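Take a look at the letters that make up each chain.
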Amino acid sequence: MFKIQTLNNISLAGLNRLPRESYEVASEMAHPDAILVRSAKMHDMDIPASVKAIGRAGAGVNNIPLAAMTERGIAVFNAPGANANAVKELVIAGMLLAARNLGQGWAYACALEGDDDSIHKAVEAGKKQFVGFELPGRTLGVIGLGAIGVLVANAARALGMKVIGYDPSITVRSAWKLESNVEAALSIDDLVSRSDFITFHVPLTEQTRHMIDAERIETMKDGAVLLNFSRDGIIDDAAAVAALDAGKLYAYVCDFPSNLLKGHPRVVALPHLGASTREAEENCAMMVADELRAYLEDGNVSNS
Ligand code: MLT
């Protein structure tokens, strides 16, 4: 019987399907064998001595003190791809949200007051104020061609967009996974200068931090849109806001609210909803639970 302690909103719907004779799963327990965590920041000293493995129900592992875990001999597993569809859907929604001014239109409609007649007049004014643009023929630049980036690229193609991809950690030729007609950019600067929308699907590292800064924004097309459903810090938010204010960028859609972004009319910042679907939570929980079982039972290691 393995004892798995869950932290921070792990969906128990999937975990309840685990064979009860093999697992005890609870949010509070003494001497757990493993910890299953979502995005809660973990600290080395809070991890009980009994723990042999940590499962991260998601792709990114930057909430886990990896160096300390290695030192303690604790294996860390993640769930690459298990929430990819959920993130892909939100990226597509984010492009539509920006292109059709949905955030501003919604705020405008929510603030309407008065009788039906004056609301009707305001609706007519709103239609003129929030004229958007359509996606077919526009270019999407996808930075990071892992499970999520590939799904996003293929979905954007299906919407009639031109897609160019770049991956800083693998050779651009591994874009073979893309279904068709996705061009591999020569470099990040090549992609940045040719895209109407840019979406990021890379982890936050020293190499990717502020990958988009004021200098790079200058090289972007006028009226381009930035989408960050990856990690806070990949885009220099202050530079993005300055470029929005100057009319250089059209919109910034991201999954990381902050005081700097709050209330900006051309920013939509969500509370890290990328992977927040019932399906993704269940997929992630099941994938890491399987990995933990394989490790705790037989010492098998995958995705660690
Ligand atoms: C991920 O890295 O996959 C996401 O951050 C998942 C989550 O929202 O927990």
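What you are looking at is a predicted structure, and each value in this text was computed from that prediction instead of being measured.

So, the overall build of the protein
Move 1: If you tally the helices and strands in the protein, you get 10 helices and 12 strands.
Move 2: With the C-alpha coordinates of the protein rotated into their principal frame, the extents come out at 65 × 55 × 35 Å.
Move 3: Residue burial in the protein is summarised as follows: out of 304 residues, 41% are buried.
Move 4: Long-range pairs, those at least 24 residues apart, make up 60% of the contacts in the protein between residues at least 6 apart in sequence.

Concerning the domain arrangement of the protein
Move 1: We note that the domain assignment places domain 1 (2–80 + 278–298) and domain 2 (84–269) within the protein.
Move 2: Between domain 1 and domain 2, the C-alpha centre-to-centre distance is 32 Å.
Move 3: In this assembly, five residues from domain 1 lie in contact with five residues from domain 2.
Move 4: Residue composition of the side of domain 1 that touches domain 2, grouped by class: two nonpolar, two polar and one charged.

A few points about the site of the ligand
Move 1: All residues in the neighbourhood of the ligand are listed as Arg38, Ser39, Gly58, Ala59, Gly60, Asn83, His272, Gly274 and Ala275.
Move 2: In terms of residue class, the shell around the ligand is built from two nonpolar, six polar and one charged.

Section: the sheet that holds strand β2 (residues 23–26)
Move 1: What the five strands build is an open sheet, ordered β2-β1-β3-β4-β5; its pairing is parallel. Strands at the two margins of the open sheet, each flanked by one partner only, are β2 and β5 (75–77). Geometrically, the sheet is characterised by an average inter-axis angle of 20° between neighbouring strands, direction not taken into account.
Move 2: Pairing between strand β4 (residues 53–56) and β5: three bridges, direction parallel. Residue pairing in the sheet places isoleucine 54 in a bridge with valine 76 of β5.
Move 3: Packed on one face of the sheet, helix α10 (residues 278–298) meets β1 (2–6), β3 (34–37), β4 and β5 and runs near 160° to β4.

A closer look at the sheet that holds strand β8 (residues 182–184)
Move 1: A sheet is described by the order of its strands in space; here seven strands give the open sequence β8-β7-β6-β9-β10-β11-β12, paired in parallel fashion. The open sheet is flanked by β8 and β12 (267–269), the only strands paired with a single partner. Adjacent strand axes in the sheet meet at a mean angle of 15°, parallel and antiparallel pairs treated alike.
Move 2: Sheet topology note: the strand β11 (residues 249–254)/β12 ladder contains three bridges and is parallel. Its bridge partner being in β12, cysteine 254 is matched across the sheet by alanine 269.
Move 3: Helix α6 (residues 147–158) rests against β6 (139–143), β7 (162–166), β8 and β9 (197–200) of the sheet, and its axis sits at about 165° to β7.

Remarks on helix α9 (residues 237–245)
Move 1: Among all positions of α9, only Asp237, Ala240, Ala243 and Leu244 are buried. Along the axis of α9, the buried positions cluster into a sector of 125°, meaning they face one direction only.
Move 2: Looking at the packing, one finds that the buried side of α9 touches α8 (214–218), β10 (224–228), β11 and β12.
Move 3: Following α9 by one or two positions, glycine 247 has its phi on the positive side, about 80°.

The rules behind these values
Residues numbered from 1 in each chain as written. Predicted model: local features only at pLDDT ≥ 70, side-chain atom pairs only at ≥ 80, totals over all residues. Helix = DSSP H or I, 4+ residues; strand = E, 2+ residues; numbered from the N terminus. Buried ≥ 20, exposed ≤ 12 C-beta atoms within 10 Å, placed from the backbone. Contact = placed C-beta atoms within 7 Å. Domains from an automatic or database assignment. Nonpolar A, V, L, I, M, F, W, Y, C, P; charged D, E, K, R; others polar. Near = placed C-beta within 6 Å. Pairing = 2+ DSSP bridges. Axes fitted to C-alpha atoms, helices over the stretch in contact; angles between N-to-C directions. Arc of directions from axis to C-beta.

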